[in-house]
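Chains, contacts and geometry: an overview
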Amino acid sequence: MRWTLRPGETLHAPAFAGHHTSGGFGAASRGPPTTTGRTAPLRFRFHVAMAGGLGLGGDLTGWSEAELAEAAALVARYKQIRPLVQRGRRHRLTGGGGVTAVHHASEDGTDHAVLVWRPVTRFGHQPPPALALPALDPTARYLDPDEGIVHSGAVLTRYGLELRLPPGDYASRLIPLRRVAR
């Protein structure tokens, strides 16, 4: 599965790591891929592909209007974080509960994007524990513009960020953070 390849990809710049949604597991295909028989939500597949140079492949003419609209919104989100992914600092993170994440940060530490994936839930459907973000400045404050919440850098670096992933398998989230004045 594609998300398991992410750790080795930090050996080269994400700008050169092409990640795309394509046929089978990586796209909104008409049926599950024959190799695994599993399907994953479009959102999950896009969030995995956003860890590098997002691209689209496969037969887009077979996608529903809802899938195309969701894809367009996800491409727009990727365009917002693309400079961080391709030219920023990259930090691999591993959380509890089967969570894998990558934290992209601007060179000046102002803007951040955390991509979080949980392919399968382990031991029921308990929410994963908070994910510590040790690359943040513990003396700063950070705004999550999607949630409208300002977090303490000290809390995010030591305790972590509550992930609020959707329930079930193939859960993912893009969490933008912006350093704000105290």
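Since the model is a prediction, treat every value here as computed from it, not as a measurement.

The rules behind these values
Residues numbered from 1 in each chain as written. Predicted model: local features only at pLDDT ≥ 70, side-chain atom pairs only at ≥ 80, totals over all residues. Heavy atoms only, no water. Patch = residues over 30% accessible without salt bridge, like charges linked within 9 Å, V, L, I, M, F, W, Y side chains within 5 Å. Areas by Shrake-Rupley, 256 points an atom, 1.4 Å probe, with all protein chains shown as cover. Salt bridge = Lys/Arg side-chain N within 4 Å of Asp/Glu carboxyl O. Helix = DSSP H or I, 4+ residues; strand = E, 2+ residues; numbered from the N terminus. Pairing = 2+ DSSP bridges. Axes fitted to C-alpha atoms, helices over the stretch in contact; angles between N-to-C directions. Contact = heavy atoms within 4.5 Å. Expected span 1.5 Å × (residues − 1). Bend = angle between axes of the 7 residues up to and from the residue. Buried < 20%, exposed > 50% of the residue type's maximum accessible area, 1.4 Å probe, protein only. Phe/Tyr/Trp six-rings, centres within 6.5 Å; stacked < 30°, edge-to-face > 60°.

For the rest of this paragraph, the subject is a nonpolar patch on the surface. Taken together, the side chains of Leu 56, Leu 60 and Leu 68 present a nonpolar region at the surface, about 220 Å² in accessible area. You can see Leu 56 is positioned in strand E2 (residues 53-56).

Here we come to the sheet that holds strand E5 (residues 111-118). The strand order E3-E4-E5-E8-E6-E7 describes an open sheet built from six strands, whose pairing is antiparallel. Looking at the sheet topology across the chains shown, the edges are occupied by strand E3 (89-94) and strand E7 (149-152). The mean inter-strand angle of the sheet, taken between neighbouring strand axes irrespective of direction, is 25°. Taken together, the three bridges between strand E6 (residues 141-144) and strand E8 (residues 171-180) define a ladder with antiparallel strand orientation. Its bridge partner being in E8, Tyr 142 is matched across the sheet by Arg 179. The sheet strands contacting helix H1 (residues 42-49) are E5 and E8, and the helix crosses E8 at an angle near 50°. In the packing of helix H2 (residues 65-87) onto the sheet, contacts are made with E3, strand E4 (100-105), E5 and E8, and the angle to E5 comes to roughly 100°.

With four bridges joining them, E6 and E7 adopt antiparallel strand pairing. Opposite Leu 143, over in E7, you have Val 150 as the bridge partner.

The next point concerns unusual backbone geometry. Not every positive phi belongs to a glycine, and Arg 164 is a case in point at roughly 45°. Along the polypeptide, Arg 164 turns up in the loop between helix H3 (153-158) and E8. With a phi close to 55°, Tyr 170 is a non-glycine residue in the positive phi region. Examined against the element boundaries, Tyr 170 turns out to sit in the loop between H3 and E8.

What follows is about H2. With 23 residues, H2 ought to run about 33 Å at 1.5 Å a step, and its terminal C-alpha atoms sit 33 Å apart, in line with that. The sharpest bend along H2 reaches about 55° and sits at Ile 81, with the proline Pro 83 one to four residues further on. Among all positions in H2, only Ala 71, Leu 74, Tyr 78, Ile 81, Leu 84 and Val 85 are buried. The inward-facing, buried residues of H2 abut H1, E2, E4, E5 and E8.

In this section: the packing of aromatic side chains. Any pair of aromatic rings gets described here by the distance separating the centres and the angle formed by the planes. Going through the model one piece at a time under the given rule, you end up with one aromatic pair. Their ring planes at 70° and their centres at 5.3 Å tell us that Phe 44 and Tyr 170 sit as a pair that is edge-to-face. Here Tyr 170 lies in the loop between H3 and E8 and Phe 44 lies in helix H1, a separation of 126 residues in the sequence. Owing to a relative accessible area of 1%, Phe 44 belongs among the buried residues under this scheme. A relative accessible area of 11% places Tyr 170 in the buried class.

By themselves, these observations are geometric and do not establish any function.
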